[in-house]
Every structure is written in structure tokens, then in C-alpha cells.
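Below, each chain spelled out in residue letters.
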Amino acid sequence: MKIRIPFAVVLTALFFWSCDEPISYDNSSFTYNPFSFTEDTLNNITAIEAGNADIEWGTHFRAWVGETQYYKSGFTVEFIFSDTSLNISEVDSIQFQVNHDVTYPENGADTLAANYSTFGFYETMDQAIDIENSVYGNIIGTDSMDIAGGNNSWRYNLPADLITEGDTIVSLGIFPHESEYFSSFYGGGSGSRPSLNFFFHEPDTAGNDSATVRPFQTDTLFLHFAEKSGAFDRVQYEYLSQLKNDSLLFTLDLQGFTVTGDTLQHIVSSSLLPAIDDSASSLYTPDSVFRFSMLVEDPNSGLSSTIEYRGDGNNSIEIKKIVQSAIDDKQDELELILRPTTSGYNPGFIAISKDVSASTLYVRSSLAVRP
């Protein structure tokens with residue numbers, strides 16, 4: 001039996017086809033071709049814009065006092081004690097109490113040089129506070145407080161004539177009295193926020209002297225915060241700090257992902273890699289939040305993801321759903337907002353180069369077709 005040459009060619013082709021044909025994998029929507037896999041680091045960021053706003057510290061969990069080469073900060077609190085059952089004329093002493101959380105040294109890599117640091121206590125009723133020029137109100141005293149002890153309560157006895165009969169409101173403040181430290185306290189959003197303790201002495205049922213206390217927690221808290229002039233190089237960098245509501249808007253060009261017909265770009269994984277300069281950044285680690293955590297959000301789709309910066313590089317930030325959504329919507333451009341996720345918890349900051357070509361988008365993708 002003779003086999004015709006054209007038929008032999010077809011048979012041979014079918015044999016090799018059956019051996020070499022890639023086995024595609026599919027789901028209900030797409031069939032993916034593993035042989036179209038690509039892996040790229042794309043310099044397709046076209047713009048970086050900065051935005052910032054003050055945190056609403058009155059309801060925030062922390063408040064800050066201190067002065068470093070980067071920042072200067074203190075806070076004032078307002079107490080309202082219009083309760084008619086409080087007879088101030090019978091008060092023996094009044095104590096101002098704040099609950100210390102943690103203190104950071106000048107350099108986040110250093111340990112605390114001493115166990116104690118001095119802070120100033122002020123009467124700030126109707127006073128104009130100028131944190132940059134160290135105008136804090138009427139000083140009522142200073143005291144050295146334990147800054148290395150972690151969570152502890154600081155108590156300061158107020159002058160006897162500071163609050164008198166008929167007063168219904170008082171404003172007090174704590175401000176730095178020496179530099180090289182930055183201390184956090186439990187703020188207006190905490191159940192341990194600053195308080196006034198009114199002490200009364202009266203005989204108990206046995207006739208012995210007994211002390212009773214009436215505590216009043218602060219009604220409002222305001223943080224007075226300033227960046228040190230010249231401390232930040234805003235010519236080369238944009239900054240993200242947890243002490244303000246900082247944000248960066250990255251604009252990405254997606255036209256390189258444009259495909260035609262029934263073919264689609266399938267994003268296997270994708271990472272946004274902002275150009276963070278380790279030497280220009282400052283991280284403080286003696287905290288419960290050991291990494292600088294950031295949120296990446298697409299305001300168009302509402303999708304978001306997180307990244308953590310540790311000072312030795314970026315953890316993987318998976319934003320494939322964000323990129324895929326933009327491509328599926330046939331967008332030529334994608335805007336991503338980058339902001340801290342733990343605002344107010346750490347005085348550290350990161351510096352990101354303004355050079356748009358330095359930040360990149362890492363993408364692993366393949367082509368997909370509708371079956």
C-alpha cells in the first residue's frame with residue numbers, strides 16, 4: 001500500500017502538533033495561553049502629585065509632644081466642668097494627668113539617651129499658640145517625666161489658684177522644654193485621654209481622713225504641629241508622613257496594554273514600585289507599627305491594596321486587580337492614590353523621588369481570549 005506524499009505531510013504535521021500543542025487552561029470567562037507570558041518593569045508613570053491636609057487630632061487616638069530636627073509639636077486640651085455638684089471651693093488640689101505611650105529619640109535607630117526628659121505645662125486659655133516660635137501661653141511649671149518606661153501616667157499638680165469658684169472651663173497645654181525627643185500620648189480618641197483630677201479630703205465613717213477624687217476627661221484636644229524649616233528636600237522628593245494626611249497621586253500610562261479583537265491582557269501579578277530613597281527617609285521602629293504601611297487606591301474603581309516599607313526595600317504590593325479593572329474598562333490612563341494607612345502612629349516618613357522615570361510598574365501578564 002502506498003501512501004501519497006501530501007497525505008504523509010499532513011499526517012506528520014498532525015503528529016508533531018499533537019506533541020507540541022500547549023495545554024491551555026481556562027475558566028468560565030477566558031482561555032489563557034501560557035506561551036504568551038511576559039514579565040516587564042515599565043517606566044510608564046507620567047506624573048506624581050502631592051497633597052496633604054491636617055489630621056483631625058481632636059478625635060485621634062494619639063497626640064504628640066517634642067522637638068527633633070524634623071518636627072516640633074505640642075498639644076492643648078480644654079476641660080468643661082459645669083457640673084453644679086463640683087464645689088471647687090472645697091477642692092484641696094487639682095492634678096493634670098496625661099497617659100504617656102512611647103517616646104522616640106532624635107534618630108529612630110538610637111535608643112533613648114536618658115530615662116527622663118523635661119516638658120513644660122501651660123495655661124492656654126485665650127492664648128495664641130505659635131509652635132514655630134515657641135509661644136505656648138502662660139507657663140505654670142516644668143517637670144521631668146519618665147520617657148523610657150513605655151506606657152505610664154504623668155501627673156502634674158496645678159497651682160492652687162489656677163481654677164477658682166465659678167470657673168467652668170480651663171485650657172491647658174504640654175509643650176517641649178528640650179529637644180531630641182518626640183513623645184506620643186493617648187489623645188482625644190482614646191478612653192485614656194488627658195484628664196483633670198479634683199481631690200477632696202473628708203473624714204470617713206471612722207473619723208479618719210479620706211481622699212476622694214472627681215476626674216474630668218478632656219472635651220477637646222488640639223495638636224500644634226510644624227515641620228522644621230529646611231528639614232525636607234522638596235526639590236528632589238515628595239514625602240509621606242504619618243503626622244499629616246499626606247498623599248501622592250501617581251498617573252500611569254496604560255496604552256502599552258492595548259490589544260485588539262477578542263484578545264485580552266490578563267494580569268498575572270503587578271506591583272507599584274515608588275522610588276523610595278532610604279537615605280532621605282526616616283523610620284522609627286520602637287513601636288507596635290514596625291513598618292510604614294501605605295494604601296494604594298484607584299479612586300475610579302474603588303479597589304485598593306497595601307504596601308509596607310521596612311527601610312530595606314518594599315514588600316510586594318499586589319495591585320493586579322486594580323490594573324486589570326482599568327484595562328477591562330479600556331482606560332488609557334490609571335490614577336493611583338498612595339497614602340499612609342496608620343496616620344498619627346509614628347513620626348517616621350518616607351521620601352519618594354519626584355523623577356517620574358524612577359518609579360515603576362512591575363507587571364507579569366499573558367494574553368487571554370474569549371472561548
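Residues numbered from 1 in each chain as written. Predicted model: local features only at pLDDT ≥ 70, side-chain atom pairs only at ≥ 80, totals over all residues. Heavy atoms only, no water.

S.K.: Sorry if this is basic, but what is going on with the overall build of the protein chain here?
M.R.: Looking only at helices and strands, the protein chain has 2 helices and 23 strands in total. Considering only residue pairs separated by 6 or more positions, the protein chain has 81% of its internal contacts joining residues 24 or more positions apart. Looking at the protein chain as shown, the accessible area adds up to about 18,900 Å², and 48% of this sits on carbon and sulfur atoms. (Helix = DSSP H or I, 4+ residues; strand = E, 2+ residues; numbered from the N terminus. Contact = heavy atoms within 4.5 Å. Areas by Shrake-Rupley, 256 points an atom, 1.4 Å probe, with all protein chains shown as cover.)

S.K.: What exactly am I supposed to notice about unusual backbone geometry here?
M.R.: Residues other than glycine predominantly adopt negative phi, and peptide bonds predominantly adopt the trans conformation. Of note in this structure, Ser 134 is not a glycine but carries a positive phi near 60°. In this fold, Ser 134 is placed in the loop between strand 8 (116–123) and strand 9 (138–146). On the accessibility criterion, Ser 134 (40% relative accessible area) is partly exposed. With a phi close to 60°, Lys 330 is a non-glycine residue in the positive phi region. Following the sequence through the fold, Lys 330 ends up in the loop between helix 2 (320–328) and strand 21 (333–340). (Buried < 20%, exposed > 50% of the residue type's maximum accessible area, 1.4 Å probe, protein only.)

S.K.: Please clarify how the side chain of Thr 251 should be interpreted in this entry.
M.R.: Position of Thr 251 relative to the elements: it lies in strand 17 (residues 247–253). In this structure Thr 251 touches Asn 44, Ile 45, Thr 46, Ala 47, Glu 333, Leu 334 and Glu 335, once residues within four positions along its chain are discounted.

S.K.: When you look at the pairing of strand 16 (residues 237–241) in this model, what are you seeing that I'm missing?
M.R.: Successive residues of a regular strand alternate their side chains across the two faces of the sheet. Counting buried residues along strand 16, 5 of its 5 residues qualify, which places the element largely inside the surrounding structure. Burial along strand 16 is two-sided: Tyr 237, Tyr 239 and Ser 241 facing one way and Glu 238 and Leu 240 facing the other are all buried. In this structure, strand 16 lies alongside strand 22 (residues 349–353), joined through 5 bridges in antiparallel fashion. Its bridge partner lying in strand 22, Ser 241 is registered against Phe 349. (Pairing = 2+ DSSP bridges.)

S.K.: Where do I start with the pattern of salt bridges in this structure?
M.R.: Note on pairing: side chains with opposite charge can pair once their charged atoms come close. Enumeration over the complete set of coordinates arrives at 6 salt bridges. A salt bridge links Asp 101 to Arg 62; its shortest N-O distance comes to 2.8 Å. Taken together, the residues Asp 101 in strand 7 (residues 93–105) and Arg 62 in strand 5 (residues 62–67) connect sequence positions 39 residues apart. Here Asp 101 matches Arg 62 in class, with each residue buried. Note that Glu 297 is salt-bridged to Arg 339, the shortest N-O span being 2.9 Å. Taken together, the positions of Glu 297 in strand 19 (residues 292–297) and Arg 339 in strand 21 put the pair 42 residues apart, joining distant regions of the chain. (Salt bridge = Lys/Arg side-chain N within 4 Å of Asp/Glu carboxyl O.)

S.K.: Help me out: how do you make sense of the sheet that holds strand 4 (residues 45–51) in this one?
M.R.: Sheet strands line up and pair through hydrogen bonds in the backbone, either parallel or antiparallel. Ordered in space as 4-17-21-19-20, the 5 strands form an open sheet in which the pairing is antiparallel. Of all strands in the sheet, those bounded by a partner on one side alone are strand 4 and strand 20 (304–309). Neighbour-to-neighbour, the strand axes of the sheet open up by a mean angle of 25°, direction not taken into account. Here strand 19 runs beside strand 21; their pairing, made up of 4 bridges, is antiparallel. Note on strand 21: the bridge partner recorded for Glu 297 is Ile 337. The strands touched by helix 2 are strand 19, strand 20 and strand 21; relative to strand 21, the strand with the most contacts, the crossing angle is about 155°. (Axes fitted to C-alpha atoms, helices over the stretch in contact; angles between N-to-C directions.)

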